[in-house]
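Letter by letter, the chains look like this.
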Amino acid sequence: MSIKLELKASFLKLISNHKIRPIHVNMSPKFLILMNQNIGDMIVFSPILRELKLAFPNCNLQVMVSQTNKEIAQANPYIDKVIVYKNQWHRLLPLLLELRNNKFDFAVELEAKIITKVILMLRVIQPNCILSVSKREGRYGIEPQGVHPYDYYTNVKLNHQRDTCIDILRLLKVNCVNKKYDFFYLEKNRQKSLLFLSTFESKKIIIGLNITGSSLEQRISVIDVERILLGLHSISSNIIIILLHKPEDKKWANELISNDKSSYVFLSYPTESILDVAAIVDSVDLVITPDTSIVHMACAFNKPLIAIYKKDMEGFEAWKPKSKCNRVIFSENFESLNEIDIDTVVNKSAELIKMYIKKEF
């Protein structure tokens, strides 16, 4: 281990030393939930917000989010105050000092790995008690269980991140009533989606195919997208396929729609916010997507779902879809989605349509 790494490890151990504080819940507790992760994480962690409000109706529930998650948090009726995370210390420190004045009863830390900066943030905020999910990744050569900077942790044996997050409730002696994900969007988002879909015949089976990935490795290849389009059309002429894409990808997405596909493949309207994406996911009949936040979004809406993953089983177990109407397909490639069995994608889509969609197939 290098001297620099040893120094960082020593600093981490130093700031992790503290006395464990007892859990005491009054009738109107103040909670600070740290949710400055990705969109998918926030969806997976969403049940805890609802369940805390149900268990403590008079609680004050404040959530710290990234700029990316700001819209999702602001649309959530269970959150009393949304605090946007500012990454630079010169902007962050005044915010943390302000939060210290709130005198939070509990802070809830949901990162799957040890993050020194988050530990320092909570040291500044000084909540009465800090509850954390058990850690899957260590830091600076220290094993995940090598340091314990917080007061209480969830059960380390739990695999899925939803269940790990919900286990926070056990620490508060709260029974979880419902593990279902929540995702809220606005009326203007719903109207935009309904207006777009009204251009198609109501009897059509509408499939949303997400062609955007969180990285190139997480994106379905152009060749495979074309094969999926042809395969879906071959099983029923009553299928309409909407290509879900980022606004900046409109040009290359449009190139996927050749003249022979223009009668059954269409681009989605510009989804200028994540709430626009949610509205159209909620409105289509079936969703096909690689491993992105749209997987969890579809689960929140209990939407029939084909989820495509690379063959990383450890990551899959932690983040796999949680719904009753999904089918998972794995690429044969550990690093990317370049080896997908397209016949399986098409056949599983047909299976879900027959089971869950009450339209002529």
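This text follows the structure it describes.
Just so you know, these numbers come straight off a predicted model, no measurement behind them.

Q: Run through empty space enclosed by the protein, naming residues and quoting values.
A: If you walk through the whole model with that rule in mind, you get two cavities of 30 Å³ or more. Taken together, Met 42, Ile 43, Ser 46, Leu 49, Ile 72, Asn 76, Asp 182, Phe 183 and Phe 184 make up the full set of residues lining the largest cavity. For the lining of the largest cavity, the residue count by class is six nonpolar, two polar and one charged. In this model, the second largest cavity occupies a volume close to 40 Å³.

Q: Outline the layout of surface pockets, listing residues and values.
A: The calculated volume of the largest pocket comes to roughly 1500 Å³. What lines the largest pocket is a set of 48 residues, and nearest its centre among them are Asn 38, Gly 40, Asp 41, Ser 214 and Ser 293. Looking at the lining of the largest pocket, the elements that each hand over two or more residues are α2 (39-44), α11 (274-283), α12 (293-300) and α13 (313-319). Ranked by residues supplied to the lining of the largest pocket, first place goes to α13 with six residues. Classifying every residue of the lining of the largest pocket gives 15 nonpolar, 20 polar and 13 charged.

Q: Could you give an account of the sheet that holds strand β8 (residues 239-244), with specific residues and numbers?
A: Pairing within the open sheet is parallel, and its six strands lie in the order β9-β8-β7-β10-β11-β12. On the outer flanks of this sheet lie β9 (265-267) and β12 (326-330), each paired with one strand and no other. The mean inter-strand angle of the sheet, taken between neighbouring strand axes irrespective of direction, is 20°. Lying on the sheet, helix α14 (residues 342-356) is in contact with β7 (205-210), β8, β10 (286-290), β11 (305-309) and β12; it crosses β12 at an angle near 175°.

Q: Which residues make up the environment of Pro 47, and what values do they have?
A: Along the polypeptide, Pro 47 turns up in helix α3 (residues 47-55). For Pro 47, a relative accessible area of 0% corresponds to the buried category. For the pair Pro 47 and Asp 163, spaced 116 residues apart in sequence, the C-alpha to C-alpha distance is 9.7 Å. What Pro 47 contacts, discounting residues up to four positions off in sequence, is Arg 162, Ile 166, Asn 178, Lys 179, Lys 180 and Tyr 181.

Q: Outline the nonpolar core, listing residues and values.
A: Counting residues in hydrophobic clusters, the biggest one holds 63 residues, and the most contacted among them are Ile 33, Met 35 and Phe 183. Counting residues per element, this core draws most heavily on α11, which supplies seven residues. In terms of nonpolar packing, the next biggest core, distinct from the first, is built from 31 residues, Leu 229, Ile 257, Leu 286 and Ile 357 among them.

Q: For the side chain of Thr 289, give the residues involved together with the corresponding values.
A: Along the chain, Thr 289 turns up in strand β10. Residue classification places Thr 289 among the buried positions, given a relative accessible area of 0%.

Rules of the game
- Residues numbered from 1 in each chain as written.
- Predicted model: local features only at pLDDT ≥ 70, side-chain atom pairs only at ≥ 80, totals over all residues.
- Heavy atoms only, no water.
- 1 Å grid on protein atoms, 1.4 Å probe; cavity = no way out; pocket = protein on both sides within 12 Å on 5 of 7 lines; lining within 4 Å.
- Points joined across faces, edges and corners; volume = space filled by probe spheres on them.
- Nonpolar A, V, L, I, M, F, W, Y, C, P; charged D, E, K, R; others polar.
- Helix = DSSP H or I, 4+ residues; strand = E, 2+ residues; numbered from the N terminus.
- Pairing = 2+ DSSP bridges.
- Axes fitted to C-alpha atoms, helices over the stretch in contact; angles between N-to-C directions.
- Contact = heavy atoms within 4.5 Å.
- Buried < 20%, exposed > 50% of the residue type's maximum accessible area, 1.4 Å probe, protein only.
- Core = buried A, V, L, I, M, F, W, Y, C linked by side-chain atoms within 4.5 Å.

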